[in-house]
Amino acid sequence: MGRITEDLIRRNAEHNDCVIFSLEELSLHQQEIEKLEHIDKWCRELKILYLQNNLIGKIENVNKLKKLEYLNLALNNIEKIENLEGCEVLTKLDLTVNFIGDLSSIKTLKHNIHLKELFLMGNPCASFDGYRAFVVATLPQLKWLDGKEIERSERILALQDYLAIEQQIREQEKAYSLKRAKEKEEAQRKLEEDLEKEDKRCGPGFDGRWYTDIPPALPSSTESQSHVQAPDMQEEQHSTKKSEESEDDLEFWNKPSVFTPESRLETLRHVEKQRKAQEKSSDKRKTVKLPRTLVTEDGKALNVNAPKLDFSLKDDEKRNQIVLDLAVYRYMDTSLIEVDVQPTYVRVVVKGKPFQLVLPAEVKPDSSSAKRSQTTGHLVICMPKVEEVITGGRQASRSVKTPRDSSREQTNRRTKQIEKLEVDPSKHSCPDITTIVQEKQDASRRLRSHPKTLPSEEDPDFEDNPEVPPLI
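Residues numbered from 1 in each chain as written. Predicted model: local features only at pLDDT ≥ 70, side-chain atom pairs only at ≥ 80, totals over all residues. Heavy atoms only, no water.

## Remarks on the overall build of the protein chain
- Counting its regular elements, the protein chain contains nine helices and 15 strands.
- The buried share of the protein chain, reckoned over its 472 residues, is 28%.
- With an accessible surface of roughly 33900 Å², the protein chain has 52% of that area assigned to carbon and sulfur atoms. (Helix = DSSP H or I, 4+ residues; strand = E, 2+ residues; numbered from the N terminus. Buried < 20%, exposed > 50% of the residue type's maximum accessible area, 1.4 Å probe, protein only. Areas by Shrake-Rupley, 256 points an atom, 1.4 Å probe, with all protein chains shown as cover.)

## Quick word on the pairing of strand β10 (residues 321-326)
- The buried count for β10 comes to five of six residues, which makes it a mostly enclosed element.
- Taken together, the six bridges between strand β9 (residues 311-316) and β10 define a ladder with antiparallel strand orientation. Bridge pairing links D316 to Q321 in β10.
- Hairpin connection between β9 and β10: a loop of four residues separates the two successive antiparallel strands, and N320 in this loop has a positive phi of roughly 55°.
- As paired strands, β10 and strand β15 (residues 379-384) are joined by six bridges and run antiparallel to one another. Each residue of the ladder has a partner; that of D325, found in β15, is V380. (Pairing = 2+ DSSP bridges.)

## Considerations on the confidence of the model for the protein chain
- Summarising the model, the protein chain shows a mean pLDDT of 80, and 73% of its residues fall at 70 or more.
- Note on residues 211-230: pLDDT under 50 across the span, and four contacts to partners over four residues away in sequence or across chains.
- In this model residues 389-400 is a low-confidence stretch, pLDDT under 50, and it forms two contacts with partners more than four residues away in sequence or in other chains. (pLDDT = per-residue confidence, 0-100. Contact = heavy atoms within 4.5 Å.)

## Examining the sheet that holds strand β12 (residues 345-350)
- Ordered by their spatial adjacency, four strands build an open sheet running β8-β13-β12-β11, and the pairing between neighbours is antiparallel. The sheet is open, and its two borders are formed by β8 (304-305) and β11 (337-341), each paired with just one other strand.
- Here β8 runs beside strand β13 (residues 353-358); their pairing, made up of two bridges, is antiparallel. Across the sheet, residue V304 finds its bridge partner in β13, namely Q356.

## Points about helix α3 (residues 131-138)
- Judged by how many residues are buried, α3 sits mostly within the fold: seven of eight residues are covered.
- By the burial criterion, the buried members of α3 are Y131, R132, F134, V135, V136, A137 and T138.

## A few points about the pattern of salt bridges
- Applying the stated rule across the entire model yields 17 salt bridges.
- Residue R275 pairs with E32 through a salt bridge whose shortest N-O separation is 3.6 Å. Taken together, the positions of R275 in helix α7 (residues 261-285) and E32 in the loop between β1 (25-27) and α2 (39-42) put the pair 243 residues apart, joining distant regions of the chain.
- Note on E32: relative accessible area 28%, which makes it partly exposed. (Salt bridge = Lys/Arg side-chain N within 4 Å of Asp/Glu carboxyl O.)

## A short note on the sheet that holds strand β4 (residues 92-94)
- Read from one edge of the open sheet, seven strands run β1-β2-β3-β4-β5-β6-β7, paired in mixed fashion. A single partner strand is all that each edge strand has here, and the edge strands are β1 and β7 (148-149).
- Sheet topology note: the strand β5 (residues 117-119)/strand β6 (residues 144-145) ladder contains two bridges and is parallel. Directly across from L118, in β6, lies its bridge partner L145.

## Brief notes about the environment of H114
- Looking at the secondary structure, you find H114 in the loop between β4 and β5.
- Taking relative accessible area as the criterion, H114 reaches 36% and is therefore assigned partly exposed.
- H114 sits 23 residues away from T91 along the chain, and the two C-alpha atoms are 5.3 Å apart.
- Among all residues touching H114, those that are not within four sequence positions of it are E88, V89, L90 and T91.

## Re the packing of aromatic side chains
- This model, assessed by the stated rule, comprises four aromatic pairs.
- Each ring, one from F99 and one from F259, has its centre 4.9 Å from the other, and the planes form 35°; the classification is tilted. Of this pair, F99 sits in the loop between β4 and β5 while F259 sits in the loop between α6 (223-254) and α7; the two residues are 160 residues apart in sequence, bridging distant segments of the chain.
- Taking relative accessible area as the criterion, F99 reaches 4% and is therefore assigned buried. (Phe/Tyr/Trp six-rings, centres within 6.5 Å; stacked < 30°, edge-to-face > 60°.)

## Focus on the side chain of R155
- As for its placement among the helices and strands, R155 is situated in helix α4 (residues 152-160).
- For R155, which is buried and forms no salt bridge, the nearest opposite charge comes from E154, at a distance of 7.8 Å. (Lys, Arg positive; Asp, Glu negative; His and termini not counted.)

## Side note on unusual backbone geometry
- Positive phi is not limited to glycine here, since D17 has a value of about 55°.
- Its location among the elements puts D17 in the loop between α1 (6-11) and β1.
- D17 gets classed as exposed once you look at its relative accessible area, which sits at 66%.
- If you check the backbone angles, V97 has positive phi at about 50° while not being a glycine.
- Counting through the fold element by element, V97 comes out in the loop between β4 and β5.
- For V97, a relative accessible area of 27% gives the class partly exposed.

## Concerning a positive patch on the surface
- A contiguous patch of positive charge, built from R292, K308, K351 and K353, is present on the exposed surface.
- Take K351: it is sitting in the loop between β12 and β13.
- Judged by relative accessible area, K351 falls into the exposed class, the value being 58%. (Patch = residues over 30% accessible without salt bridge, like charges linked within 9 Å, V, L, I, M, F, W, Y side chains within 5 Å. Charge placed at Lys NZ, Arg CZ, Asp CG, Glu CD.)

## Structural notes on the side chain of Q141
- Locating Q141 in the fold gives a position in the loop between α3 and β6.
- Separated by 2.9 Å, the side chain of Q141 and the backbone oxygen of N112 make a polar contact. (Polar contact = N/O pair within 3.5 Å; in protein donor to acceptor, adjacent residues only side chain to side chain.)

## Let's talk about the packing of α3 against α4
- Relative orientation of the contacting elements α3 and α4 amounts to 95°, with a least axis distance of 8 Å. By the angle class used here, α3 and α4 are roughly perpendicular. Where α3 approaches α4, its residues R132, A133, V136 and A137 are matched on the opposing element by E154, R155, A158 and L159.
- Partitioned by chemical class, the residues of the contact of α3 with α4 number five nonpolar, no polar and three charged. (Axes fitted to C-alpha atoms, helices over the stretch in contact; angles between N-to-C directions. Parallel < 35°, antiparallel > 145°, perpendicular 65-115°, else oblique. Nonpolar A, V, L, I, M, F, W, Y, C, P; charged D, E, K, R; others polar.)

In structure tokens:
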């Protein structure tokens, strides 16, 4: 049984951003709705309401829709026009192909003074003698009936013969009501018979049949043979059940039936039954897929591409990072993507399907970032690399450096650098320009290094000139 729910209304209110309290137009056609409810409480602002091709049997719960202008209830199970007095501005009412036999019920539409168009074609009352004249005379505000304009002369003639036509209509309504009573009794009897058939079919067997040829419990020596034969028996039973169901289905559709509200409901129940049987069979046939292995038992990550997406992995040496470009679908919502970066691998779950890739170097998960391109929709993951790679196994020669070892190395480097900077000035092959002006010690040192070139006071050729300033 289809029902009007808040979720159903919101799904059909996308044009109004799924807001229902301010909704002005609502379409709920072909939803197998059997009862008209909740709309007058949730959608008070409605102006147009489409409810055609459902199974609604009574007009109700629309009295509070004061702004309703157009109501479409075609192809339903309605048998009487009622409960529309509160729709004050109703201008168009479509009741095509229903089961309205009480034509006198149109008198309730006299209160709808703005009603201009009415459709009653396809109803039992439309075949009554004097049907059109009775409707035209009863509803003076009407301008169109069944898509045909009402002329002034037609209304004058209908009003002249109104009493005789009304008497004729009442007699035809009585005849139709007796016919409907018999149809309801027949439908009730048929429903009881179908229930009895279902009860007879139900039994201890899996397919509702009694089996008298089931052998007793086999001895232990033949247990293996019974296990081998069991699948074959199940297949045979399943095939027989399927053939019986197909026969019942053909019998139902080939059986002649009267077009009544009960026959429409019966058809709906049969279709629902078939649908449930197909769902059960499909559920049984479904094989349970084992979860995909992403990490082996020894902790080794595997490369997996379940969503079958194109990707590229680049090693950016300038920025010391690894960049993964995953070609995610452009218009897919980002909420359907989950990213997990680990030191040795990266995992992306796209709509429940995992994509996993082992990285060539160790990365920093905390410093990683994931963004989507606004043009292509691709997912770009940037993963900075760890400066010192820590590995194990064969490359065990690269030991882990402790803070003490690093401090010692730094002090050794400093001492080496200081030794390199200490240079013996006597080894200079050219004069040092920065030390042209020297102290007395440097001058004496230079004089000692060149004794032959510098004259002394003991030299006989030495002449002391007082005008010459002394050397510094």
